[in-house]
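Survey of secondary and tertiary structure
Below, each chain spelled out in residue letters.
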Amino acid sequence: MNSIMKEMKELIHEHMRLSLKSSGSSTNKVERCILKEVSILSKDIDESIRYIVEDCNADEYGFLSRILPDLIKHTNDKRFIDCFKRLEEKYTTEFYCYFVDCAIKEAEKLLI
């Protein structure tokens, strides 16, 4: 795993941890995490998709689906949507627990 994707994994876990808190300062930190995640994943889309498919575990996949619409707004790249759809079979439980289907539908509406 390259250093950027290692940073991404750490960032996802920070985002997960912060999301469990409900204070106002946590909300701002979560928003900063989301911006960083989108920025990192947008730099090299092919590498990012490989990372999601090969290196993310089920919870990371589910959690990343929360930023899928933001990724589409930033990149307008359908490959991210296709990636999350392809992983439905592998992560069936998380697909529904994290409402990945809803994130996909929202992201699809944003494609230009």
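Relevant structure appears above.
Reference entry: report on the structure contained in this document. (Residues numbered from 1 in each chain as written. Predicted model: local features only at pLDDT ≥ 70, side-chain atom pairs only at ≥ 80, totals over all residues. Heavy atoms only, no water.)

Right, let's get into the overall build of the protein chain. Along the protein chain, the regular secondary structure elements total 8 helices and 0 strands. Secondary structure elements of the protein chain occur, N-terminal to C-terminal, as α-α-α-α-α-α-α-α. Here the C-alpha radius of gyration of the protein chain, 13 Å, is about what a compact globule of 112 residues would show, namely 13 Å. With the principal axes as the frame, the protein chain shows a C-alpha extent of 35 × 30 × 30 Å. (Helix = DSSP H or I, 4+ residues; strand = E, 2+ residues; numbered from the N terminus. Rg over C-alpha atoms; globule rule 2.2 N^0.38 Å.)

Before going further, it helps to examine the pattern of salt bridges. In the structure shown here, the tally under the stated rule is 10 salt bridges. Across the pair Glu60 and Lys9 runs a salt bridge whose closest N-O atoms are separated by 2.6 Å. Linking Glu60 in helix α4 (residues 58-64) with Lys9 in helix α1 (residues 3-19), this pair joins segments that are 51 residues apart in sequence. Across the pair Arg50 and Glu54 runs a salt bridge, and its minimum N-O distance is 3.0 Å. Of this pair, Arg50 and Glu54 both sit in helix α3 (residues 45-54), 4 residues apart, which is roughly one turn of the helix. Judged by relative accessible area, which is 54%, Glu54 ranks as exposed. Where salt bridges share partners, they join Glu47, Arg50, Glu54 and Asp55 into one cluster. (Salt bridge = Lys/Arg side-chain N within 4 Å of Asp/Glu carboxyl O. Buried < 20%, exposed > 50% of the residue type's maximum accessible area, 1.4 Å probe, protein only.)

Of the residues making up helix α6 (residues 78-86), those classed as buried are Phe80, Ile81, Cys83 and Phe84. In an axial view of α6, the angular spread of the buried residues amounts to 160°, which keeps them on one side of the axis. (Arc of directions from axis to C-beta.)

A few words now on the environment of Arg17. Structurally, Arg17 can be placed in helix α1. Taking the C-alpha atoms as reference points, Arg17 and Val30, 13 residues apart in sequence, are found 9.2 Å from one another.

So, on to the environment of Val30. Its place among the elements puts Val30 in helix α2 (residues 24-43). The class for Val30 is buried, based on a relative accessible area of 14%. Taking the C-alpha atoms as reference points, Val30 and Leu18, separated by 12 residues in sequence, lie 6.2 Å from one another. Those residues in contact with Val30 that lie beyond four places of it in its chain are His15, Leu18 and Ser19. (Contact = heavy atoms within 4.5 Å.)

The subject of this paragraph is the packing of aromatic side chains. One pass over the structure, following the stated rule, counts 4 aromatic pairs. Taken together, a centroid distance of 5.0 Å and an interplanar angle of 80° make the contact between Phe95 and Tyr96 edge-to-face. Phe95 sits in the buried class, given a relative accessible area of 5%. Every member of this aromatic cluster is reached through a ring pair, and the members are Tyr61, Phe84 and Tyr91. (Phe/Tyr/Trp six-rings, centres within 6.5 Å; stacked < 30°, edge-to-face > 60°.)

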